[in-house]
Amino acid sequence: AQSVSQHNHHVILSEAASLELGCNYSYGGTVNLFWYVQYPGQHLQLLLKYFSGDPLVKGIKGFEAEFIKSKFSFNLRKPSVQWSDTAEYFCAVNAPNNNDMRFGAGTRLTVKP
Amino acid sequence: GAGVSQTPSNKVTEKGKYVELRCDPISGHTALYWYRQSLGQGPEFLIYFQGTGAADDSGLPNDRFFAVRPEGSVSTLKIQRTERGDSAVYLCASSPQRGGLETQYFGPGTRLLVL
């Protein structure tokens, strides 16, 4: 079964700093990859997703993620964070036509104004 | 339009009691999912419905957990003989069709506390 590792439990940055959150998965076959975000007091919402094609995926609010198949990674990046990006970020993976979506433990991002 | 709604938002119960958690998916979404999120963890898959039938219940931890979706819309997650370890946030998500390629839209969750 697939599993997901998020290496950073809590990241603290100042505004305008660059962000990279790590995500590695273990699964031998084709996968669909997702990043979800949960802002304080709100529910999980999709940030971006990768199914196929260009491994560099652009999502909402200036976020992007790069799928590197050889490294089983799908790291999330943003060139310049804002205070409003303070949230918890979850990486998730499933196999095509598989209902069992596996989430990482999450990374809490705190952006200091 | 309206998103996924879940009731109650919070539920406190005593060990050994029975609880029901309700999920109203987005109108027209045929796929519905239940997850459990414990403190400091990501959501953990419990069960998936396609229409009225439970297409995949492999994530249910034991036979105390059961879920139904009798009319293919609202779903109820039922937990019998609750234990303190059942305390968690229970999330519901829906998607237009079968999972995998479809984005799942999450509800706000029900926070369950078993004393």
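Here the structure is shown first, and the text comes after it.
Residues numbered from 1 in each chain as written. Chains lettered and ligands numbered in written order. Predicted model: local features only at pLDDT ≥ 70, side-chain atom pairs only at ≥ 80, totals over all residues. Heavy atoms only, no water.

A.B. asks: Residues and numbers for the interface of chain A and chain B, please.
C.D. replies: Every contact between the two is made by 20 residues of chain A and, on the other side, 21 residues of chain B. Carbon and sulfur atoms supply 54% of the area that chain A and chain B bury against each other, a total of about 1700 Å² over both sides. Applying the counting rule to chain A against chain B returns zero salt bridges. Those elements that provide at least two residues to the side of chain A that touches chain B are strand 5 (32-38), strand 6 (45-50) and strand 10 (87-94) of chain A. Of the residues forming the side of chain A that touches chain B, the biggest block, four residues, is contributed by strand 5 of chain A. Classifying every residue of the side of chain A that touches chain B by side-chain character gives ten nonpolar, eight polar and two charged. (Contact = heavy atoms within 4.5 Å. Buried area = accessible area lost by both parts, 1.4 Å probe. Salt bridge = Lys/Arg side-chain N within 4 Å of Asp/Glu carboxyl O. Helix = DSSP H or I, 4+ residues; strand = E, 2+ residues; numbered from the N terminus. Nonpolar A, V, L, I, M, F, W, Y, C, P; charged D, E, K, R; others polar.)

A.B. asks: Which residues make up the environment of B:Gly107, and what values go with them?
C.D. replies: Within the element layout of this structure, B:Gly107 appears in the loop between strand 10 (105-106) and strand 11 (110-114). Exposure remark for B:Gly107: the relative accessible area of 1% places this residue in the buried category. Apart from residues no more than four positions distant in its own chain, B:Gly107 is found in contact with A:His43, B:Val4, B:Gln6, B:Leu91 and B:Cys92. (Buried < 20%, exposed > 50% of the residue type's maximum accessible area, 1.4 Å probe, protein only.)

A.B. asks: So what's going on with the environment of A:Val31? Residues and values would help.
C.D. replies: All names here are of chain A. Considering the arrangement of structural elements, one finds Val31 in the loop between strand 4 (24-26) and strand 5. On the basis of relative accessibility, which here comes to 3%, the residue Val31 falls in the buried class. C-alpha separation for the pair Val31 and Asn94, spaced 63 residues apart in sequence, amounts to 5.7 Å. Beyond its immediate stretch of four places on either side in the chain, Val31 contacts Tyr25, Tyr50, Phe51, Val93, Asn94 and Pro96.

A.B. asks: Go over a nonpolar patch on the surface, please, and point to the residues and values.
C.D. replies: Judged by side-chain polarity, B:Val12, B:Leu113 and B:Leu115 come together as a nonpolar surface patch covering roughly 270 Å² of accessible area. Following the sequence through the fold, B:Leu115 ends up in the segment after strand 11. (Patch = residues over 30% accessible without salt bridge, like charges linked within 9 Å, V, L, I, M, F, W, Y side chains within 5 Å. Areas by Shrake-Rupley, 256 points an atom, 1.4 Å probe, with all protein chains shown as cover.)

A.B. asks: Just give me the short version of the nonpolar core, but keep the residues and values in it.
C.D. replies: Residues and elements named next belong to chain A. One finds Leu33, Trp35, Leu48, Phe74, Leu76 and Tyr89 to be the most contacted residues of the largest nonpolar core, which totals 28 residues. For this core, the elements supplying multiple residues, two or more each, are strand 2 (10-14), strand 3 (19-21), strand 5, strand 6, strand 8 (64-68), strand 9 (73-78), strand 10 and strand 12 (107-112). Per-element tally for this core: the top contributor is strand 10, with four residues. Discounting residues that sit within four places of it in the chain, Leu33 has contacts with Tyr25, Leu48, Lys49, Tyr50, Phe67, Phe74, Ala92 and Val93. (Core = buried A, V, L, I, M, F, W, Y, C linked by side-chain atoms within 4.5 Å.)

A.B. asks: I'd like a rundown of the pattern of salt bridges, residues and numbers included.
C.D. replies: Counted under the stated rule, the structure contains eight salt bridges over all chains. Note that A:Arg77 and A:Glu64 form a salt bridge whose closest N and O atoms lie 3.3 Å from each other. Taken as a pair, A:Arg77 in strand 9 and A:Glu64 in strand 8 lie far apart in primary sequence, 13 residues in all. The class for A:Arg77 is partly exposed, based on a relative accessible area of 23%. Given a relative accessible area of 18%, A:Glu64 falls into the buried group. Here B:Arg64 ties to B:Asp86 by a salt bridge, and the two come within 2.8 Å at their closest N and O atoms.

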